[in-house]
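Each chain, written out:
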Amino acid sequence: MMFSCTKDFKSINTNLNAPERISDPSLLLPGIIWDAANRNVAESFYVYGVLADQFEENYMSSFTNLTRDFSSGQSWANYGMIKNIYNLIDLSQKQGLANYQAAGLILKSWIFLRITDSYGPIPYTEAGKAGEGINFPKYDSQETIYAGLLKDLETANTLLGSTTEMMSGDNLYNGNIQNWKKFANSLSLRILLRQSGRKDPSAEMQKIIGNPSTYPIFTSYKDQAALQYLNKRENAHPIFLKQPSNWQGSEQLTQNLEVILKSMNDPRLAVFAMPTPASVTAGGPPQYFGVPNGMQQAETTNWNGGVNNQSTLGLLWAPEQFSLEFASPDAAQSVFMPYSELEFILAEAKEKGYITTGDAQTYYMNGIKDQFAYYASRIPSNFILPTAAMVIPPSSYYTQTNVAYTGTQTEKLHKIYTQKWLSLFFCGSEAWAEWRRVGVPTIIPGPKTNGYVPVRLLYPADEMLQNNANYKEAVKMLGGDGDALTTRVWWDID
Amino acid sequence: MKQKNLIFPHLGKWKKILFFLFILTGLMTGLVFAQELNAQQPQKKGISGIVKDSNGLSIPGASVIVKSTTTGTVTDTDGKYSMSVPADAKILVFSFVGMATSEVEIRNQTQVNVTLLSTVIGLEDVVVTALGIPRAKKGLGYAVQEIKGDALNTARESNFINSLAGKVAGVNISSSGAVGSSSRIIIRGEKSLNFYGNDPLYVVDGVPVGNSGTSNSTSVDYGNNASEINPADVESMTVLKGPAASALYGSRAANGVIVITTKSGGKNKGLGVTVNSGTTFEEVLRFPKFQNQFGAGYGGKYEGSNFGAGWSIYPGGVQDSYDESWGPRLNVGTLEKQPQSPTSGGMRGGDVANPNRGEIIPTPWIAYPNNMKDFFGTGKTYFNNVSLTGSNEKGDFRLSYTNLDQSGIIPNNDLKRNTFALKGKYKFTDKFRAEASMNYVNSISTNRPETGYGRNSIMYFMTWSARNMDVNSLRNYWQKGFEGKRQFQFNYGENHNNPFFYQYENTRGQDKNHLFGTAELNYEFSKKLTLMARAGGDMYNDFRPMKWAVSTADYAKGRYQEDTQYFMEKNLDFLLNYKDKIGDNFNYRISFGGNQMNRTNRSRTLVAPELLIPGIYTLTNNASQLERSSWDSKMRVNSLYVFSQMDYKSTYYLDITARNDWSSTLPINNNSIFYPSVSFSALTNQIVKMPEWVDIAKVRLGLAQVGNGTGPYNLYSTLNFGTPWGDNNILYTDNTLKNNNLKPEITFTYEVGTDIKLFKNRLGIDFTYYDTRSKNQIISVPLTSSTSYSSRIINAGEIQNYGFEIMLNAVPIKLSNGFQWNLALNYSLNRGKVLELADGIPAIVQSAPGEEAQIIARVGERMGAIWGPGYKRVDSGPLKGEIIIGSNGIPVATDNFIHIGNINPDWIGSLMNNFAYKNVSVGLLVDLHYGGQFLSHFYNKAMGSGQLLESGEGRSARAVGHEYDDPYYIVGAASVGGTYVQNSTSTDGTFSQGKYGVDARDFHKLLLDHFSEGQVFDATYAKLREVTIGYKFPNKLFGNILNDVQLSLVARNLFLWTPKSNQHFDPEVASATSGAGIIPGFEDMSLPSTRSYGFNLNLKF
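These numbers were taken from a predicted model, which means no experiment stands behind them. (Residues numbered from 1 in each chain as written. Chains lettered and ligands numbered in written order. Predicted model: local features only at pLDDT ≥ 70, side-chain atom pairs only at ≥ 80, totals over all residues. Heavy atoms only, no water.)

1. Details of the side chain of threonine 507 of chain B
Residues and elements named next belong to chain B.
- Note on placement: threonine 507 falls in the loop between α5 (499–505) and β24 (510–524).
- Accessibility expressed as a relative area gives 10% for threonine 507, which makes it buried.
- Excluding its chain neighbours within four sequence positions, the residues that come into contact with threonine 507 are Asn412, Thr446, Asn447, Tyr502, Pro545, Met546 and Lys547. (Helix = DSSP H or I, 4+ residues; strand = E, 2+ residues; numbered from the N terminus. Buried < 20%, exposed > 50% of the residue type's maximum accessible area, 1.4 Å probe, protein only. Contact = heavy atoms within 4.5 Å.)

2. What to know about the interface of chain A and chain B
- The partner chain B presents 98 residues to the 84 residues of chain A that form the contact.
- Taken together, the two surfaces of chain A and chain B that pack against each other cover about 7200 Å², and 54% of this comes from carbon and sulfur.
- When the buried surface of chain A facing chain B is broken down by residue, Phe9, Asn13 and Lys83 of chain A rank first, second and third, together holding 10% of it.
- Residue arginine 636 of chain B pairs with aspartate 8 of chain A through a salt bridge whose shortest N-O separation is 3.6 Å.
- On the surface where chain A and chain B come into contact, there are 32 residue pairs in polar contact (both at pLDDT 80 or more).
- Those elements that place two or more of their residues in the side of chain A that touches chain B are α1 (9–12), α2 (29–51), α3 (68–71), α4 (79–94), α12 (297–302) and α19 (461–466) of chain A.
- At seven residues, the largest contribution of residues to the side of chain A that touches chain B is made by α4 of chain A.
- Split by residue class, the side of chain A that touches chain B holds 34 nonpolar, 35 polar and 15 charged. (Buried area = accessible area lost by both parts, 1.4 Å probe. Salt bridge = Lys/Arg side-chain N within 4 Å of Asp/Glu carboxyl O. Polar contact = N/O pair within 3.5 Å; in protein donor to acceptor, adjacent residues only side chain to side chain. Nonpolar A, V, L, I, M, F, W, Y, C, P; charged D, E, K, R; others polar.)

3. Here we look at a nonpolar patch on the surface
Residues and elements named next belong to chain B.
- Taken together, the side chains of Tyr648, Tyr652, Ile656, Val678, Phe680, Ile687, Val688, Leu701, Leu703, Phe748 and Val752 define a hydrophobic patch exposed on the protein surface, amounting to about 840 Å² of accessible area.
- Elements with a minimum of two residues in the nonpolar patch: β29 (652–663), β30 (672–683), β31 (694–708) and β35 (745–758).
- Following the sequence through the fold, tyrosine 648 ends up in strand β28 (residues 627–648). (Patch = residues over 30% accessible without salt bridge, like charges linked within 9 Å, V, L, I, M, F, W, Y side chains within 5 Å. Areas by Shrake-Rupley, 256 points an atom, 1.4 Å probe, with all protein chains shown as cover.)

4. Concerning the domain arrangement of chain A
Residue and element names in this part refer to chain A.
- Each domain of chain A was delimited in the assignment, giving domain 1 (24–219 + 451–494) and domain 2 (241–317).
- At the junction of the two partners, domain 1 supplies 10 residues and domain 2 supplies 19 residues.
- Counting each side, the surface lost to burial between domain 1 and domain 2 is near 1300 Å², with a carbon and sulfur contribution of 47%.
- Across the contact surface, domain 1 and domain 2 share zero salt bridges.
- The tally of links between domain 1 and domain 2 comes to eight residue pairs in polar contact (both at pLDDT 80 or more).
- For the side of domain 1 that touches domain 2, the secondary structure elements donating two or more residues are α2 and β1 (55–57). (Domains from an automatic or database assignment.)

5. Some remarks on the pairing of strand β5 (residues 91–95) of chain B
All names here are of chain B.
- Relative to β5, strand β2 (residues 63–66) is paired through four bridges, and the arrangement is antiparallel. Within the sheet, the bridge partner assigned to serine 63 lies in β5 and is serine 95.
- Relative to strand β6 (residues 102–105), β5 runs antiparallel, the two being bridged by four bridges. Bridge pairing links leucine 92 to valine 104 in β6. (Pairing = 2+ DSSP bridges.)

6. Some words on the packing of helix α14 (residues 360–378) of chain A against helix α17 (residues 409–423) of chain A
All names here are of chain A.
- At their nearest, the axes of α14 and α17 sit 11 Å apart, and the two run at 25° to each other. By the criterion of interaxial angle, the relationship of α14 to α17 is roughly parallel. You can see that α14 and α17 cross each other, and the crossing is left-handed. Residue-level inspection shows Tyr364, Ile368 and Gln371 of α14 in contact with α17, the latter providing Lys415, Ile416, Gln419, Leu422 and Ser423.
- Across the contact of α14 with α17, the residue classes tally to four nonpolar, three polar and one charged. (Axes fitted to C-alpha atoms, helices over the stretch in contact; angles between N-to-C directions. Parallel < 35°, antiparallel > 145°, perpendicular 65-115°, else oblique. Left-handed = near helix turned anticlockwise from the far one by under 90°.)

As C-alpha cells, then:
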C-alpha cells in the first residue's frame, strides 16, 4: 500500500548527481591551483596592475570603482577556495599523504597572504569553518596571520618527502616534491621580507639561505611557481577567451612603465606592450607610448594624439579574438612567485644585512637576467614582434648607470626595487604590495582621483552586513583612517 | 519602518484621498438603483425543478418568480425549488446575482429546470473549492474568488497567468514582456524568504500541474508551465487565496492554490461544435525616450574609419570606437564617415574586414529618432480553437483543438502552440462512473529572446549604440565578402553583436511537449457513501537547441548547445465521502482521503563550444571538447487527510480539515507534518432581523496551519564535478552547506471576512482581513564570504503578511429595455514584514540581480526592500541634505547601503465595467498598481552612454560646437577646507559655474553608476487592461445551422499611465530574468511591454 512507502524515503532522497565524500586528493588539488591561478591573472588585469601603475585602465584608475561591492570580487574571493584546501589537507592528513597535505598548506599560505596584503586584518584562524559551525569568523591581526603562514610553510617543508605517494593531479609541479619545497621556502622569504619593517627577519632568513639542503629555494624560472596553461580552450589562459574590447579598448601601458623601461632601453617594453597602431601603419620602427592613470576620459583618449599613438598590453596575453593568428592559449602563465623576485629579495636582504650568505650584486643580476630568459622562453615562435631573440638584451644593458649595481646603498636599493617592480608585472597584487612597502617607483595620483593611490581595499559589503560585530573589531584593529582606501596595513610602515 | 496606521501604512494624505475616491467611485455608482415593481395572483398548480449554473452545479438561493407577480420562492441548498403557482401562470423568471436572468415558458410542464449563465466576473455563488469540491459560496468560512473561462478567453493572453491581472483581489503579477515569457504571481504577499518559493499551486481537474522554476539558461526566458494552460479549455478558475481555503493541499498550500476546471461535454444532447477564432496585433506600448541632438563619439569629436576594429587594415578614426553618443551635434548640416555610409568600393563603411572597402564617403550627420523603435515591428497572434461536444444520459465528452501562432514585436521571435484537450465521463451504472481528462500541449519556438545585461540582449544593444545609427543599415548583417563568416557591426571596438545578426543567426529554440491529465473512478455505495480513486500526471519534455554563429562577440568560432529538461509528477489519490443529516436542520459530510506524489526531474546540457564547420549546428560538428552537465532528482510526498463540513439550518457552517504529509526530502525522523484548519461562517441575516433589502449578510472566520516542504537533496552536502584539467578530473566542495536537521516550514493564518449582498443581489460586498505568519522557513542564508561558503540551509525566520481585500460587485443600472451596467471592483493591500531571521543574522539578501542593489529582508522591516549605495549627504548646516561632491567632481557614496525602495506595491486595485444592451456588450477593465519602486539598469547605462532624452538637455543648451568646452557641475555640496559650498550656482541647463566640474559624460554617467539611489523609479502605474466590445448576432440570421455567433473587438493594455517621473518604462515588465524566474523591481534591459488589439469570433453549430 502506498503508505508503507516511506521506508524508501532514504533512497529517494539520496543525491543522484554527486558524491557526499571522496578520498582521492588528486581530485581536489588541480582545481585549487587552477582557481588560484585564474584569480591571480584576473586581479592583475583589472585592479592590481592599475594600483601598481603598470596598466592604465580608465574605468579603474580614478579608484572610485573600488567600492565594497567591487572589493568582494578581488583577493577576498580567494576565500571560496579555502574550504577545498581544508578538505584537501584534512583527507590527505587522515590517510597519511603528507605531500598532498603539504601542498595544501603551501597553497593556503599563498592565498591568505594575498588576502591579508590587500585588506589588513582578515578572518584567518576561524575562516572557512562554517562546516564546523563558525558562521561569523573573527578577524586576526596581520601579525598573527603572518606568523601562521610562516609556521604552515615550515610544516610543509618538513612534511614534503616524508611519505612516498606520487602527487597526481599536481598541475603546478607535476608531482615534483623538491619544487614544492622550493616554493614553500621562497614564499617564506617573501613573507619575511615583507614584514621586515615590523620584525627583524635576519635569523629566519639566514636559517633558510644558510641550509639549502633542508631549505631549497628556486634556482631559475624553470622551478618558479607558475601555472602552465594548456593548449585547450577550457584550460586556456583566462584572457585568451576575453573580449578584445576589454583588452585593447581599455587597458594600456602606463606612462610610468613606458618611461622606466625606455630609460633602460629595456627589451621587456616589446613584451609588456604592443607598438602603437600609428607606428605599425607607418611601417617605420615600432613605437611604444604609455598613458598616465587617473585622467579624465577625454584626456586619456586624446593622450599623445589619440589611441593610434598609445600602446596596449602585450600580445603574449592577448585574447583569441584580438588575433586569431597570434593569440595563444598557453604562452602566458599565471606566475604565483617568480624566481627573479626571490633573487631581488635576497639582494635586498644581503644589502640590508639580514643575511650573510651570498652577494647582493649577484643576486640582483641573476634576478634581472632570469627575467629576460623567462620571457624569451615564453614568446611563441610565430611572433614577429617581439621574437624570443629580441627579448635578450645586449651586455651593455647591465652596465648602464640605471642598471649597474653601483652607487650609494639607497641608489642600489632603488635599483633593486625598480627591477623587482618590473619582475612582478602581471603577478597579482605583488607589484602593488612592494610599491606600498618601499615606495618605488614614484606613482603620482591622476587628476581624476581624490589625490591618493589606495594602499588597501575596502572590506566587502557582505562582511559588513553579515559579520558586522567582527567587522567592527577589525576596523578598530586597522586603526588609521579605519576601513578606508588610505589606511596602511600592518607591515606598510612608512 | 513605523507603521502608525494599520490600514494605510505608508500612505500619505493625498494617497488616502485617491484610495477613497477609488472606492467611492465604485460604491456610488453601485447605489444608483433602478427598482422594479410587481403585481398580483389567483388559482394554483404545483411546479418544481432545479437551477444549475453552466458547470452543471446547482445554485442555491436562486430566485424563481412567476413573471409580473410577487409569487415566487428561492432554491434550496441543492438548487431545487418547489412551489405552487397560479394556474394561468405562463412564464417563470429565474434570477440570481451575477447570472443572466432567464425566462422560461411553463406550458404544461410541472418540472422546469434551467441553467443560468454568468454575467459578472467572480460572483458565482457556487464555487469549486479545494480538491475540486463544488460548494455554495455562502457556506465558506474563507475567501475565494472565481473567474469564468469566458472572462479569460475573449481578450486573451498567450501567457495564461497574465490574464488574471486585475481580475482577482490580492493577486500581484509581474512579467518580463516577451512572447511566451514567464510571469511571477504572488497571492497575499511573499510568505517565503526563498525568493522563488512563493508560487501558488496550480490544480487542473484535481491534479497539480507543476509551475516550478523555468530553468532558464543564458538569460533566455522559456516561460513557466502554467502559462500554457489554454483559456479556450477553461470552464472556471477559482483562486484559493489563503491557507484556510487551501489547507487540504498540505505542504503545497502555503502560497494559495489556483484551481482550474476544464470544460466538459456539458448539457448538449447530440453533437455540439464550437469555433473560437481570434486575431490580435501587438505593438510597443512604452518605449524609452532618446535624445536626438548628439551622435556617436566622445567629447564632441568623431571621425569614422575602422569603428574600433583594431584588427582591421583600416586605421583607427577619431573616437569612432565609442559606443556612446557624446559626439558632435547632429542635424547641423555636417557630413561624417559613418558605418552606414557608402564607400568608394561600393560597400558600407562598416565593412572593415574587406580589403577592398575603399574610402568612406561622408553622409549627413543626422539623428535617426526612430532608430531603436524601427527594430521593433508589429506582433501578430492567431488563435483558433475548435471543440466538439456531445452527451447523453450515460455520459459526455469534449474534444478540443487549439492552435496559437504568435510572432513577437522583435524580429524572428515566435511561438507556435498546439493544444489538444479531451475530457469525458461515463456512467456504467447508476453507482459507477468514470471520468478522464487529457491535455497535450506542444510549444515550438524558433527563437526566444534574450534579456539581461549582455551582448546578446536587444536593449543592451540599444544602450550601446548611437543616435546617428541607422538601424536599417544593419539588416544586411554580414560584412561584404564575408557572408556567413563575419558579422557587420555598428561598433567593433566594444564588439556589440548586430541585433539582426543575433536574432536570425543565434537562435534560442524550443520544442516542448507537455502532457497532463487525470483518470478518475467514482463509486456510489449509497446516496450517503461514495468513493473516488484518481490517478493524475503532469509531464513535459523541453528540448532547447541554442546556436551561436561564427563571429558572435563572445564565441568567434561559433557554438552549439542542447538543453533538455524532463519533468514528471504523478499523483495517486483516493477519497471516501460520507454525507448525512441529523434531524432536519443538521447536515454533515465527512471525508477521508490520501495522496501519493512522486516527482522526477532530469536536466541535461551538452555544448559544442567551437564549431568545426560554420553554419552546421550539431553536437558532432565540434572542434573542441564537448562540455556537459546534468542534474537528476526525485522526491515523494505521502499524505492522508480527513475533513468534515457541517451546517445547521443552512445558517451556521463549520468546516474542519486535517492533513498529514510525509516528505522524502526531510530527515526521516522529522518528515511528518500536520496541517489542520477550521473555518466557520454564519448568515447573520437569518439570525437577526434585517431590512428586506439585505439578501445575505455573512460573517466568516478561518484558521489554518499549512506548510512548505523542501526540495530534494537539501540534507547532505556533496562535492560537485567541475571542468577537468586536461585529463585530470576535478571536484569542488559545494558552496552551500546542507542541513540534516531540517524541519518543514509552517504557515499559520487567520482570516475574517464578511460577504454582504443587498438590493436583490444588485450590490455585493466581500471584505477579508487576514494575517499570516510563516515560521521555520527553509532558507538558504548567505554566509559571509570569509566562511568560504556562500550559504547554508537552515530553518529560521518568521514572516508576517497581513492585509485586506475588498471585492465589490454591483449592478448600478438595469433597465427594462435590457440595458445593464455591471461593475466589479477589486482592491487589495498587503504588508509583508520580517519578524525574525536566524540568530546573529540581521539581514538576508534574497536576490541581487542588478549592479550593487539587492533585495534584502531585514528584521522589523517590509518584505521586498531594495537596498543599495546612495549619495552621501551633508548632515547639518545650510546645505543640509545636499549631495556631497568629491574633489574629483562626482558624488561621494554612502558608507553603508541605504534603503532605496520596495519592489511591492502599496496597494492594487482594479475596476471592471460591463455594459450590456440587447446584443451588444462592452467591457472595460482598469488595473492600478500604486506605490513601490524599481531600479533601472537601462536608465543608468543609457544615461551614461548619452542616449536617453535627459542626457541631451544640458548639452543642447550650449552653443553648437562648444557643448564640451567647459566642465559641467553636478548640483550638490562641494567640500572646501572643511566647509561646504554649493557646487553649482547656475541651473540654466548648462551648469556653468561651480567648484568641481566634470566633462559631459561623467556628469551623467558618474552621477548614476554605482549609485542605486539615482536609478530608482516610482513603480506606480495604471493600465487600461482590457477592452472588449461584443456583438451577438441574432440567431435567426443563420437559420438552423449556427447559433450563438458572437464577434468581439478586443484590446489589452491599451493605455499605460505612469507618474511624470517615469517617462521611459512600463513598471509591470521592469523585471530581471534569472534562472529560477522573474525578479521584479529590477529593470534589467527588459524588452518594452506591448499593447494588443484585434478581434475574436465565437460560433456554435
